[in-house]
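# Architecture and fold: a report
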Amino acid sequence: MEEDNLGSVKQQVAKLFEVSLKAIVPDESNVEPLVAACTGKFGDYQCNNAMSLWSRIKGKKTEFRGPPSIGQALMKNLPQSEMIESCSVAGPGFVNVVLSTEWIAKSIQKMLTNGIGTWAPKLKVKIAVVDFSSPNIAKEMHVGHLRSTIIGDTLARMLEFSNVEVLRRNHVGDWGTQFGMLIEFLFEEFPNWEDAGGQAVGDLQAFYKASKQRFDADPVFKERAQQAVVRLQGGEEKYRAAWAQICDISRQEFHQVYKRLGVRLEEKGESFYNPYIPGVLEALSNQGLIEESEGARVIFIEGKNIPLIVVKSDGGYNYASTDLAALWYRLNEEKAEWIIYITDVGQSLHFEMFFSAAKRAGWLPADDNLYPKVSHVGFGLVLGDDGKRFRTRSSEVVRLVDLLDEAKNRSKAVLIERGKAAEWTSEELEQTAEAVGYGAVKYADLKNNRLTNYTFNYDQMLNDKGNTAVYLLYAHARICSIVRKSAKDIEELKKKGSISLDHPDERVLGLHLMQFAEVVEEACTNLLPNVLCEYLYNLSENFTRFYSNCQVVGSPEETSRLLLCEATAVVMRKCFHLLGITPVYKI
Ligand code: ARG
């Protein structure tokens with residue numbers, strides 16, 4: 001499989017220009033080929049090196065008279081390749097490349113035989129941590145955590161597809177002073193908590209609220225709660241057991257959400273890193289990074305007015321100390337080369353500061369383009385129709401399980417209205433309703449640039465027109481039904497038939513298919529799932545144009561066109577898979 005993978009089209013074109021660059025400016029080092037896809041009428045790809053190269057060499061002795069002559073030379077020195085149909089130089093030395101239509105057709109056919117895995121992008125890292133979802137024990141898991149879960153899962157899937165080993169980490173907030181209060185309240189309210197095995201507490205959020213009230217109202221209780229934290233952190237058996245029970249209740253609730261979303265995560269909560277904190281801080285202290293400030297121990301960061309607090313004035317550790325220890329662990333124990341954190345943009349400053357601290361400590365290179373690397377993937381708010389933070393009507397925080405159930409139920413109602421209850425087995429109905437409902441929620445989130453706020457609206461996301469999961473899932477199902485209804489054995493066609501892309505709309509669709517790898521690569525390197533959504537939506541549009549202008553079944557080109565349909569369905573399915581959406585095959 002690996003040797004079939006030559007990298008994305010963009011990478012392959014870039015490789016050709018690399019050869020050409022070496023030939024025309026052999027003495028210049030580090031000249032990266034600058035290649036981009038283009039949609040102009042002059043070509044499919046463009047090489048943009050001429051201008052910057054000219055400003056580098058114009059002072060030196062050179063045979064070139066300006067960017068256009070560099071462009072000409074770049075073109076003339078391109079190695080022979082079956083992928084290129086023709087080239088031309090435009091304006092100030094841009095080299096336009098028209099790909100060979102035959103090569104596109106052949107490449108698609110090869111993918112159909114060898115699998116879409118041969119179109120996986122090639123990335124520079126082997127091991128990555130994706131730190132996502134990460135709700136807090138006993139507090140609500142809110143829509144912000146839902147966004148983190150959806151975005152993180154997609155990024156993990158894209159990296160996994162690119163053959164990166166991904167450590168999917170749920171950095172749950174399972175350690176902190178709130179546990180003293182919760183444990184004491186548990187002892188007080190449910191003296192036989194040990195036998196009840198978590199049944200006693202019931203709704204953990206209500207339990208949290210009640211214990212907080214008790215904490216604020218009664219100084220004696222507060223004192224006991226503070227003692228409980230010390231005893232818990234000291235490892236006292238009974239306190240540990242109570243803590244574990246409380247964590248377990250939350251965990252079961254989180255699991256309900258992950259199960260519905262089909263998200264796999266490995267929990268390594270804040271408590272896991274706690275034992276590493278003293279050693280890590282000592283090392284930083286020995287490097288002279290940690291200073292005393294107003295009773296706390298802090299790290300000063302250049303360009304920031306406030307320092308990063310790593311030991312609070314009461315001697316306790318905090319979010320930052322845990323994150324430093326976790327980063328140390330990920331770099332040194334897990335050998336991760338890229339560590340990606342997914343939280344709302346509200347936490348940007350925290351990440352910026354602790355990343356800077358890690359750079360000061362020499363854990364990370366100062367240059368952000370080098371590895372090991374850390375990235376904070378921030379995202380905006382989820383808004384309700386009123387433009388305010390998304391809440392239920394009674395202005396309570398939305399329970400995520402309810403939100404997902406609602407999406408499923410609404411999509412089920414639509415399917416029933418369309419008469420599917422009579423047509424399908426109840427299992428099919430259930431599965432399709434889930435695929436569409438959960439898919440709609442995920443896609444509505446992912447299609448926007450993650451930094452922008454977006455409005456949560458069931459009617460919009462479940463609309464079967466426009467840029468929605470429903471529209472795309474239906475489009476895929478329709479393609480499957482074209483292939484099914486042709487009554488041709490597609491496996492046979494793959495072996496015996498061949499693709500040709502004679503009609504312009506066939507070529508546009510074919511080229512778009514070929515660009516799958518570079519789009520996934522871009523979505524990965526820039527950590528932007530919306531790039532893949534946009535690709536998927538355009539794929540569907542290109543297919544529609546092809547299908548309305550090119551007869552498939554019963555035409556002389558039937559075999560080629562059925563193969564093109566199949567290739568489109570394969571790529572669409574991979575997109576769905578990467579977005580965490582379950583495809584449907586009939587509607
Ligand atoms: N538990 C945190 C929250 O709910 C998110 C943790 C993100 N991960 C991290 N390593 N800080 O806001």
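Note that the structure is predicted; figures quoted are calculated from it, not measured.

This brings us to the site of the ligand. Surveying the vicinity of the ligand reveals the residues Asp131, Ser134, Asn136, His145, His171, Tyr319, Asp323, Tyr341, Thr343, Gln347 and Phe351. At 2.8 Å from a nitrogen atom of the ligand is found a side-chain nitrogen or oxygen belonging to Asp131. In the model, a nitrogen atom of the ligand is placed 2.9 Å from a nitrogen or oxygen of the Ser134 main chain. The fraction of the free accessible surface of the ligand (340 Å²) that becomes covered by protein chains is 90%. Elements with a minimum of two residues in the shell around the ligand: helix 13 (319-332) and strand 11 (338-344). Residues of the shell around the ligand, tallied by class, amount to three nonpolar, six polar and two charged.

Taking burial as the measure, the seven residues of strand 11 include six buried ones, the bulk of the element. As defined by bridge partners, strand 11 adjoins strand 12 (residues 373-379) across seven bridges and the pair is classed as parallel. Counted as the bridge partner of Ile342 is Val377 from strand 12. At this point the chain moves from strand 11, through helix 14 (residues 348-360), to the parallel strand 12, and the crossover so formed is right-handed.

It is worth spelling out unusual backbone geometry at this point. The residue after Tyr371, namely Pro372, is reached through a cis peptide bond having omega 0°. When you line up the elements, Pro372 lands in the loop between helix 14 and strand 12. You will see that Asn163, though not glycine, has its phi angle at about 65°, which is positive. Given a relative accessible area of 52%, Asn163 falls into the exposed group.

At a minimum axis distance of 11 Å, the contact between helix 21 (residues 504-514) and helix 24 (residues 558-578) shows a crossing angle of 35°. Here helix 21 and helix 24 pass one another in a crossing that is left-handed. Residue-level contacts link Glu506, Leu509 and Leu513 of helix 21 to Arg561, Leu564, Ala567, Thr568 and Val571 of helix 24. Looking at the contact of helix 21 with helix 24, its residues break down into five nonpolar, one polar and two charged.

Overall, antiparallel pairing links the four strands, which are arranged 1-2-4-3 in an open sheet. Each edge of the sheet is formed by a strand with only one pairing partner; in this case those strands are strand 1 (35-37) and strand 3 (84-90). Pairs of neighbouring strands in the sheet enclose a mean axial angle of 25°, with direction left out of account. Alignment of strand 3 against strand 4 (residues 94-99), held across six bridges, turns out to be antiparallel. Note that in strand 4 the partner of Ala90 across the bridge is Phe94.

For the rest of this paragraph, the subject is the UniProt feature "domain: Arginyl tRNA synthetase N-terminal" (unreviewed entry) in the protein. UniProt annotation of "domain: Arginyl tRNA synthetase N-terminal" (unreviewed entry) refers to residues 11-99 when read in the numbering used here. Note that residues 11-99 is 37% helix and 21% strand, and that its end C-alpha atoms are spaced 13 Å apart.

The terminal C-alpha atoms of helix 9 (residues 219-233) lie 21 Å apart, and with 15 residues this matches the ideal 21 Å at 1.5 Å per residue to within 8%. Along helix 9, the residues classified as buried are Phe221, Ala225, Ala228, Val229 and Leu232. Viewed end-on, helix 9 has its buried residues packed into an arc of 100°, placing them on one side of the element. Every exposed residue of helix 9 that faces more than 90 degrees away from the buried side is listed here: Pro219, Val220 and Val230.

Moving on, we get to the packing of aromatic side chains. Considering all chains together, one arrives at 25 aromatic pairs under this definition. For the ring pair Phe187 and Tyr239, a centre distance of 5.4 Å and an interplane angle of 75° mean the geometry is edge-to-face. On the criterion of sequence distance, the pair formed by Phe187 in helix 6 (residues 178-189) and Tyr239 in helix 10 (residues 237-261) is long-range, its members being 52 residues apart. With a relative accessible area of 14%, Phe187 lands in the buried category. Between Phe543 and Tyr547 the ring centres are 5.8 Å apart and the planes differ by 10°, which places this aromatic pair in the stacked class. Taken together, the residues span about one helical turn, with Phe543 and Tyr547 both in helix 23 (residues 529-549) at a distance of four residues. These aromatic residues form a ring-pair network of at least three members: Phe272, Tyr273, Tyr276, Trp328 and Tyr329. Above the face of the Phe272 ring, Lys268 is positioned so that its terminal group lies 4.8 Å from the ring centre.

As a further point, take the environment of Trp424. Mapped onto the fold, Trp424 is located in the loop between helix 16 (420-423) and helix 17 (426-446). With 163 residues separating them in the primary sequence, Trp424 and Ile587 have C-alpha atoms 9.8 Å apart. In this view, Trp424 contacts Leu415, Leu429, Thr432, Lys586 and Ile587; residues no more than four positions away in its chain are not counted.

The next point concerns the state of the cysteines. Summed over the entire model, instances satisfying the criterion amount to zero disulfides. Lacking any disulfide linkage, Cys550 is separated from the closest cysteine sulfur, that of Cys565, by 9.8 Å.

Moving on, we get to the environment of Ala156. Tracing the backbone shows Ala156 in helix 5 (residues 143-161). You can call Ala156 buried: its relative accessible area is 0%. Each C-alpha atom, one on Ala156 and one on Leu579, is 9.8 Å from the other, the two residues being 423 residues apart in sequence. When near neighbours in sequence (up to four residues on either side) are disregarded, Ala156 contacts Val130, Val166 and Arg168.

Conventions and cut-offs
Residues numbered from 1 in each chain as written. Predicted model: local features only at pLDDT ≥ 70, side-chain atom pairs only at ≥ 80, totals over all residues. Heavy atoms only, no water. Near = heavy atom within 4 Å. Polar contact = N/O pair within 3.5 Å; in protein donor to acceptor, adjacent residues only side chain to side chain. Areas by Shrake-Rupley, 256 points an atom, 1.4 Å probe, with all protein chains shown as cover. Helix = DSSP H or I, 4+ residues; strand = E, 2+ residues; numbered from the N terminus. Nonpolar A, V, L, I, M, F, W, Y, C, P; charged D, E, K, R; others polar. Buried < 20%, exposed > 50% of the residue type's maximum accessible area, 1.4 Å probe, protein only. Pairing = 2+ DSSP bridges. Right-handed = clockwise from strand over helix to strand, strands pointing away. Axes fitted to C-alpha atoms, helices over the stretch in contact; angles between N-to-C directions. Left-handed = near helix turned anticlockwise from the far one by under 90°. Contact = heavy atoms within 4.5 Å. UniProt positions renumbered as here; feature names shortened; annotations may be inferred. Expected span 1.5 Å × (residues − 1). Arc of directions from axis to C-beta. Phe/Tyr/Trp six-rings, centres within 6.5 Å; stacked < 30°, edge-to-face > 60°. Lys NZ or Arg CZ within 6 Å of the ring centre and 35° of its normal. Disulfide = S-S within 2.5 Å.

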